[in-house]
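Structural characterization, general
One letter stands for each residue in the lines below.
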Amino acid sequence: MLVLERRAERSVVAALASPLIAVALTMTTMALLLALLGRNPVTALAVYFLDPLTDGYSLQELVVKATPLVLIAIGLSLCYLANAWNIGAEGQFLIGAVTGSWLAVATHGTDAGAWVLPAMLVLGALGGALYALIPAIGRVRFGASEILTSLMLVYVAELVLDYLVRGPWRDPKGYNFPTTAEFDPVATVPILIEGSRVHLGSLVALAAVGAALVLIGRTLKGFEIRVVGAAPRAARFAGFDADRLVLLTFVVSGALAGLAGIIEVAGPVGHLQPGFSPGYGFTAIIVAFLGRLNPIGILVAGLFLALTFIGGEQAQISMKLPLDLTRVFQGMLLFYVLACDSLILYRIRLTSNRRAADGAR
Amino acid sequence: MGLAEAIVLAVLAASTPLLIAAAGELVVERAGVLNLGVEGMMIMGAACGFAGAYITGSTLIGAACGIAAGMALSAVFAALTLGLAVNQVATGLALTILGIGLSGLIGAGFVGERIVSAPHLHVPVLSDLPVIGRILFAQDAFVYLSIALVIGIWRFLYFTRGGLVLRAVGDNHASAHALGYPVLRIRFLAVLFGGACAGLAGAYLSLAYTPFFIAGMTAGRGWIALALVVFASWHPGRLAAGAYLFGAVSILQLHAQGAGVGIPPQLMTALPYLATILVLVLISRARATAGSAAPASLGIPFVPDR
């Protein structure tokens, strides 16, 4: 029979190999699933994962879609390292988009200057941070499960957004569509490379990766976060305040998610409308785990999951494959990542039934 | 039919899926496992239940398909969390994402189709009694089953040896293991039971509540079921009270919207979610002074030492 055995030390080889094994296993399962759906798995997987890498437009799109994923996942990784379970990043993402858009709507059609966009970004980050503070305070002050409260707030955020764009913020010239007016140029995130869709937000995401690297690897706060998550008892003896770290990591991750939200709306989307997010906040959870909660890993994982979004869209157009396949892929990937991660801490050993029984005696 | 009677009927119908899913999760958590994938198992139950009923024309087979789908997903969860000692929170999330995706794939061919809604009980004379007749003796099988389920779980947990062992495993897996109880096997069975309940709850939605399937039709009910378990302090009796309370809140907001109260409909729709948050905070605060009622080993992986 198979038994789990704790490794004496974390296996470095397994730590590097586990995400790769997980991706390979997911691809294999996807191939089986595609065959079941009556498609040629090789062509379908090529459309999903290779075609987007071969033309320039898709490569730009890859960067555009990876930007919010990486930004959100960096924040989430801090939470998860500290053992604080923020799973409502989608809500913080939406609220950040809403609070930032407020200024764009308020200054629409006026001759407001270049200060609008920076102020919008600050408002977005602030909105996301405050929204994340609700579940964090719920946990720290009242002991309410932050998992459930942060998730409930996603539904609330969707409804807030829906209310605003159908009501007070609706574009009067928008033929009754639930959307705000197109943002003014001063309220739009500038394009980075002329003639492409790659925007300044991608640099912000890179900066977040760099900042997280320094925070986790080189500062006392980063050390506290890791200790509180990995060894809560040791953290108590060291006098680290676990509650304050929960608040801190939630605020930081909420701010990053909110920032990603307003960048997305003021950048690639250009106006606020319901359903502008294809679930970035949830996919970012997968990005954080696939990247092994490491900033560089998250950067790579973010690009990879962006690929699944683009590949999924292309497969829908060219092969009529359902878009839900992308979500199936993402869910499956998270399963395999988690399973493979277990191999870093444990080794699986094959023992005969008899020896196992002897051991028990 | 009077308005009060209509409201009671609607509340019963809205509460039943919450009650079934939460009852299953209660048993899972009592065994010390936190399965956050209820939403995913429920939506799969809804999709597979509808598919089964549509193809065969039988509500019973549909319900069985829903149960099977929930159990299949929960078996994957068990393989990871029990077999490989993987973090239960993250695995539950993966289960939800996967379930939503898979249900979309399976349900895509059935969107827009309709089936005959699950039949309601009809007892001569009794069902025709004024007021209580329709409420007590003319429900569909799911409603009666949900009540039987809660009573059964209550009897099992507190009055049988098996229930005692299950609670012991949830409260202190190391001691239960030392006493010779097969911790992982008991947890595996509990997780499967939870999956079956979640699948059945989903099937109720697409077979009886609204006899059609649309993507994402569970709309967070799985998460509310999880919150209900906390609300109930892991006790079946309080669970039933909580489920009916939440059913009442969701029906109330529908009626208020219908009556054209001058409140944005989005705020009314948000009410069940806001109520969940408020209740979680209040309950948790009250418990902070009285000591936690959660099973002590909840969410902690168990790897037997050899």
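Here the structure is a predicted model, which is why all the values come from computation and not from measurement.

Counting its secondary structure elements, chain B contains 12 helices and zero strands. Put simply, chain B runs from its N terminus to its C terminus through helices and strands in the order α-α-α-α-α-α-α-α-α-α-α-α. Expected size for 306 residues packed as a compact globule is a radius of gyration near 19 Å; at 19 Å, chain B falls within 12% of this value. Dimensions along the principal axes, computed over C-alpha positions, put chain B at roughly 65 × 45 × 45 Å. The burial tally for chain B puts 51% of its 306 residues in the buried class. Counting only contacts in chain B whose residues sit at least 6 apart along the sequence, the fraction spanning at least 24 positions is 78%.

Broken down by element type, chain A carries 14 helices and two strands. Relative to the compact-globule value of 21 Å for 361 residues, chain A shows a C-alpha radius of gyration of 22 Å, a close match. Overall, the C-alpha framework of chain A stretches about 80 × 60 × 35 Å when taken along its three principal axes. Contacts in chain A between residues far apart in sequence, at least 24 positions, make up 78% of those at least 6 positions apart.

Ile72 of chain A together with Ala22 and Leu228 of chain B are the most contacted members of the largest nonpolar core, which has 222 residues in total. If one sorts the elements of this core by residue count, helix H9 (residues 183-209) of chain B sits on top with 16 residues. Among the domains, domain 1 (1-39 + 321-361) and domain 2 (57-318) of chain A are the pair contributing at least three residues each to this core. Ignoring anything within four residues of it in the chain, the contact list for Leu228 of chain B reads Leu18, Ala22, Leu239, Gly242, Ala243 and Phe246 of chain B.

All names here are of chain A. A rise of 1.5 Å per residue sets the reference length of helix H3 (residues 56-81), with its 26 residues, at 38 Å; its end C-alpha atoms lie 36 Å apart and thus fit the reference within 8%. At Ala66, H3 shows its largest bend, some 30°, and a proline, Pro68, comes one to four positions later. In terms of burial, H3 is a largely internal element, 21 of the 26 residues being buried. With its phi angle positive at about 60°, Asn83 sits one or two positions after the end of H3.

Residue and element names in this part refer to chain B. Direction vectors running N to C along helix H1 (residues 3-30) and H9 enclose 170°, while the axes themselves pass 7 Å from each other. Taken together, the axes of H1 and H9 lie roughly antiparallel to each other. Between H1 and H9, the contacting residues are Ala13, Thr16, Pro17, Ile20, Ala21, Ala23, Gly24, Glu25, Val27 and Val28 on the first element and Ala190, Val191, Phe193, Gly194, Ala196, Cys197, Ala198, Leu200, Ala201, Tyr204, Leu205 and Tyr209 on the second. Taken together, the residues that form the contact of H1 with H9 break down as 18 nonpolar, three polar and one charged.

Further remarks concern the domain arrangement of chain A. Reports of interface size often rely on the accessible area that becomes lost once the parts have come together. Residues and elements named next belong to chain A. Its domain assignment divides chain A into domain 1 (1-39 + 321-361) and domain 2 (57-318). Distance from the C-alpha centre of domain 1 to the C-alpha centre of domain 2: 30 Å. Counting residues at the interface gives 12 residues for domain 1 and 11 residues for domain 2. Only helix H1 (12-36) and helix H13 (324-345) provide two or more residues apiece to the side of domain 1 that touches domain 2. Counting residues per element, the side of domain 1 that touches domain 2 draws most heavily on H13, at eight residues.

Let's shift gears to the interface of chain A and chain B. Listed as interface residues are 39 residues of chain A and, on the opposing side, 41 residues of chain B. Counting residues per element, the ones that place at least two in the side of chain A that touches chain B are strand S1 (2-6), helix H5 (116-142), helix H6 (146-166), helix H11 (280-290) and H13 of chain A. Here the side of chain A that touches chain B takes 12 residues from H13 of chain A, the largest share from any one element. Taken together, the residues that form the side of chain A that touches chain B break down as 26 nonpolar, nine polar and four charged.

Residue and element names in this part refer to chain A. Every buried residue of helix H2 (residues 41-49) is listed here: Ala44, Val47 and Tyr48. Along H2, the residues classed as buried sweep out an arc of 100° about the axis, all on the same side. Tucked inside the fold, the buried residues of H2 contact H1 and helix H12 (295-319).

We now examine the confidence of the model for chain A. With 95% of its residues at a pLDDT of at least 70, chain A reaches an overall mean of 88. This model gives residues 354-361 of chain A a pLDDT under 50, and the stretch forms four contacts once residues within four places in sequence are excluded.

Mean pLDDT over chain B stands at 86; residues scoring 70 or higher make up 93%. ipTM for the predicted complex: 0.86, alongside a pTM of 0.89.

With that settled, the discussion passes to unusual backbone geometry. Residue and element names in this part refer to chain A. Positive phi values are uncommon outside glycine, yet Asn83 reaches one of about 60°. In the Ramachandran plot, Lys320 falls in the positive-phi region, its phi being about 55° despite a non-glycine side chain. For Lys320, a count of 8 C-beta atoms within 10 Å translates into the label exposed.

The subject of this paragraph is the environment of Pro118 of chain A. Tracing the backbone through its elements, the reader meets Pro118 of chain A in helix H5. As a C-alpha pair, Pro118 of chain A and Ala306 of chain A span 188 residues in sequence and 26 Å in three-dimensional space.

This part takes up the packing of helix H3 (residues 59-83) of chain B against H9 of chain B. Taken N-terminus to C-terminus, the directions of H3 of chain B and H9 of chain B make an angle of 140°; their axes are 6 Å apart at the nearest point. H3 of chain B and H9 of chain B meet at a crossing whose hand is right-handed.

As a further point, take the environment of Gly112 of chain B. Secondary-structure assignment places Gly112 of chain B in the loop between helix H4 (88-107) and helix H5 (132-137). Once the C-alpha coordinates of Gly112 of chain B and Ala6 of chain B are considered, the two residues, 106 residues apart in sequence, prove to be 27 Å apart.

Attention now goes to the environment of Leu37 of chain A. Residue and element names in this part refer to chain A. Along the polypeptide, Leu37 turns up in the loop between H1 and H2. You can call Leu37 partly exposed: it has 13 C-beta atoms within 10 Å. With 284 residues separating them along the chain, Leu37 and Leu321 place their C-alpha atoms 9.3 Å apart.

Thresholds applied
- Residues numbered from 1 in each chain as written.
- Chains lettered and ligands numbered in written order.
- Predicted model: local features only at pLDDT ≥ 70, side-chain atom pairs only at ≥ 80, totals over all residues.
- Helix = DSSP H or I, 4+ residues; strand = E, 2+ residues; numbered from the N terminus.
- Rg over C-alpha atoms; globule rule 2.2 N^0.38 Å.
- Buried ≥ 20, exposed ≤ 12 C-beta atoms within 10 Å, placed from the backbone.
- Contact = placed C-beta atoms within 7 Å.
- Core = buried A, V, L, I, M, F, W, Y, C linked by C-beta atoms within 7 Å.
- Domains from an automatic or database assignment.
- Expected span 1.5 Å × (residues − 1).
- Bend = angle between axes of the 7 residues up to and from the residue.
- Axes fitted to C-alpha atoms, helices over the stretch in contact; angles between N-to-C directions.
- Parallel < 35°, antiparallel > 145°, perpendicular 65-115°, else oblique.
- Nonpolar A, V, L, I, M, F, W, Y, C, P; charged D, E, K, R; others polar.
- Arc of directions from axis to C-beta.
- pLDDT = per-residue confidence, 0-100.
- Left-handed = near helix turned anticlockwise from the far one by under 90°.

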